[in-house]
Number of protein chains: 2
Amino acid sequence: MSTYTNAPYHHGNLRQALLEAALIILEKEGQNGLGLRDLARAVGVSAAAPYRHFDSRAALLEALAVTGFQRFSAAMEAVASTEPAQPMAAMGKTYVLFALDNANLFRLMFSPELKRDNRPGLRMAADAAFDTLRQAVGGDQRSGRIKALAAWAKVHGLAILLLDGQIALRAGEDTEALIAEIIGGL
Amino acid sequence: MSTYTNAPYHHGNLRQALLEAALIILEKEGQNGLGLRDLARAVGVSAAAPYRHFDSRAALLEALAVTGFQRFSAAMEAVASTEPAQPMAAMGKTYVLFALDNANLFRLMFSPELKRDNRPGLRMAADAAFDTLRQAVGGDQRSGRIKALAAWAKVHGLAILLLDGQIALRAGEDTEALIAEIIGGL
């Protein structure tokens, strides 16, 4: 019996515990392994308990994507401030490595299905991530937007091509070094 | 009754007719609408006839992806020779517009599932498309490869972000003009 069963969660804690467990399941098994019932079992609560926090599987997926974007933005902001000489290159590398380290989460964050639902929480979290990039680029409203979109396209494309196995590494080639070279100065 | 039924195809023609019909079905209905039986019906031949050319659905999908890469390479080569002053920018724009005009085919061409099968025919067609880009970049073996990968990442990322609805156009913004601006000089 799970130790959780006799120690009921404060609602806030249960939500967090469910999200953490869901992130692990998502990375291990992909989206198909992620049902609210499986999640309840993994955390050791009743099958009904997750519904207090997520009224549907779609709501859980959205919350995971929001959490993903928050961590993603935080990672990019952190590296931009520790590498002020080349913030764009540092952020770009962080972008691609985040995608490789959290492949299923990254695909979920950018899934067209979730995007189509157009939920305000997800839209805000995604916009905040883009704004992090937009701030680092500088420039006026028009040219800054174009530069930020160009940088985004490059790092997103590199992430997807690597995730999809389209870029084959040569003998002796190191992924991180190759990413840094391809990103260049951005 | 289809006019095809009384005019049996020469094998070569049937293969081509099946591919053309499959490309239309793929774009209209997506991969799920693409069965060998549906295809036989669409072309007006017996259910067994497609098997003379494609021994499985996977073989049909691979042939479609190969055809896609051949047309893709041809389109990029054509534009590179008609715009010799800025071949990379012209090829980049062609890359992204091909993706937008043939969304399901483009996704199939770059699907990780097909890539994982690692069939020689598809690998050769995909490599030829990359080589078209690689030739246009010039440079020595090492720096040329990095430049070509960087250009590929940028146009592939832009294509995917547009296909997935991640880049929202502003009021009055034109997709083609925005693509040209983002691609810039490459």
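For clarity, every value in this text was computed on a predicted model and none was experimentally measured.

## Describing the interface of chain A and chain B
Then, in step 1: Contacts between the two partners involve 28 residues from chain A and, on the opposite side, 28 residues from chain B.
Then, in step 2: Each partner contributes to the roughly 2700 Å² buried at the junction of chain A and chain B, and carbon and sulfur atoms together form 60% of this total.
Then, in step 3: Three residues stand out in chain A for area buried against chain B, namely A:Arg145, A:Leu161 and A:Gln166, and they jointly supply 22% of the buried area on that side.
Then, in step 4: Inspection of the chain A/chain B interface yields six salt bridges.
Then, in step 5: Ionic pairing is found between B:Glu173 and A:Arg145, a salt bridge with its closest N-O pair at 2.4 Å.

## Here we look at the layout of surface pockets
Then, in step 1: Estimates place the volume of the largest pocket at around 1200 Å³.
Then, in step 2: For the largest pocket, the lining is made up of 38 residues, of which A:Arg107, A:Pro112, A:Glu113, B:Arg107 and B:Pro112 are closest to its centre.
Then, in step 3: Mapped onto the lining of the largest pocket, the elements with two or more residues apiece are helix 5 (103-109), helix 6 (112-117) and helix 8 (141-163) of chain A together with helix 3 (57-82), helix 5 (103-109), helix 6 (112-117) and helix 8 (141-163) of chain B.

## Some remarks on the packing of aromatic side chains
Then, in step 1: Considering all chains together, one arrives at 22 aromatic pairs over all chains under this definition.
Then, in step 2: Pairing B:Phe72 with B:Phe98 gives two aromatic rings, centres 4.8 Å apart and planes at 50 degrees, and the pair type is tilted. Within this pair, whereas B:Phe72 is found in helix 3, its partner B:Phe98 is found in helix 4 (residues 87-101), the two being separated by 26 residues in sequence. With respect to burial, B:Phe72 and B:Phe98 carry one shared label: buried.
Then, in step 3: With a centroid separation of 6.3 Å and 75 degrees between ring planes, the pair formed by B:Phe72 and B:Phe106 is classed as edge-to-face. Residue B:Phe72 is located in helix 3, and its partner B:Phe106 is located in helix 5; the two are separated by 34 residues in the primary sequence.
Then, in step 4: Feature note: the residues A:Phe69, A:Phe72, A:Tyr95, A:Phe98, A:Phe106, A:Phe110, A:Phe130 and A:Trp152 constitute an aromatic cluster, connected by ring pairs.

## Some thoughts on the confidence of the model for chain A
Residue and element names in this part refer to chain A.
Then, in step 1: Per-residue pLDDT for chain A has a mean of 90; in total, 94% of the residues score no lower than 70.
Then, in step 2: Per-element averaging of pLDDT across chain A places helix 6 at the bottom with 89 and helix 5 at the top with 97.
Then, in step 3: Between residues 1-6, whose pLDDT stays under 50, and residues either more than four places distant or in other chains, the model counts seven contacts.

## A few points about the relation of the copies chain A and chain B
Then, in step 1: Overlay of chain A on chain B (RMSD 0.0 Å): rotation 180 degrees, translation along the axis 0.0 Å. Both copies of the chain, as the preceding transformation shows, are related through a two-fold rotation axis.
Then, in step 2: Here 100% of the contact residues of chain A are again contact residues in chain B; the copies associate through an equivalent surface.

## Structural notes on the domain arrangement of chain A
Residues and elements named next belong to chain A.
Then, in step 1: Per the domain assignment, the segments of chain A are domain 1 (1-55) and domain 2 (56-183).
Then, in step 2: For domain 1 versus domain 2, the separation of C-alpha centres amounts to 27 Å.
Then, in step 3: Across the boundary between the two partners, domain 1 contributes 17 residues, which contact 14 residues of domain 2.
Then, in step 4: The junction of domain 1 with domain 2 conceals about 1400 Å² of combined surface from both sides, 61% of it contributed by carbon and sulfur atoms.
Then, in step 5: Contact with domain 2 buries surface across domain 1, with Leu 23, Glu 27 and Gln 31 losing the most and accounting together for 37% of the total.
Then, in step 6: The interface formed by domain 1 and domain 2 includes one salt bridge.
Then, in step 7: The salt bridge partner of Glu 20 is Arg 71, with a shortest N-O separation of 2.8 Å.
Then, in step 8: Where domain 1 packs against domain 2, one counts nine residue pairs in polar contact (both at pLDDT 80 or more).
Then, in step 9: Listing elements by their share of the side of domain 1 that touches domain 2, those giving two or more residues are helix 1 (11-29) and helix 2 (36-43).
Then, in step 10: Ranked by residues supplied to the side of domain 1 that touches domain 2, first place goes to helix 1 with eight residues.
Then, in step 11: Counted by class, the side of domain 1 that touches domain 2 contains eight nonpolar, five polar and four charged residues.

Parameters at a glance
Residues numbered from 1 in each chain as written. Chains lettered and ligands numbered in written order. Predicted model: local features only at pLDDT ≥ 70, side-chain atom pairs only at ≥ 80, totals over all residues. Heavy atoms only, no water. Contact = heavy atoms within 4.5 Å. Buried area = accessible area lost by both parts, 1.4 Å probe. Salt bridge = Lys/Arg side-chain N within 4 Å of Asp/Glu carboxyl O. 1 Å grid on protein atoms, 1.4 Å probe; cavity = no way out; pocket = protein on both sides within 12 Å on 5 of 7 lines; lining within 4 Å. Points joined across faces, edges and corners; volume = space filled by probe spheres on them. Helix = DSSP H or I, 4+ residues; strand = E, 2+ residues; numbered from the N terminus. Phe/Tyr/Trp six-rings, centres within 6.5 Å; stacked < 30°, edge-to-face > 60°. Buried < 20%, exposed > 50% of the residue type's maximum accessible area, 1.4 Å probe, protein only. pLDDT = per-residue confidence, 0-100. Least-squares fit on C-alpha atoms with pLDDT ≥ 70 in both. Domains from an automatic or database assignment. Polar contact = N/O pair within 3.5 Å; in protein donor to acceptor, adjacent residues only side chain to side chain. Nonpolar A, V, L, I, M, F, W, Y, C, P; charged D, E, K, R; others polar.

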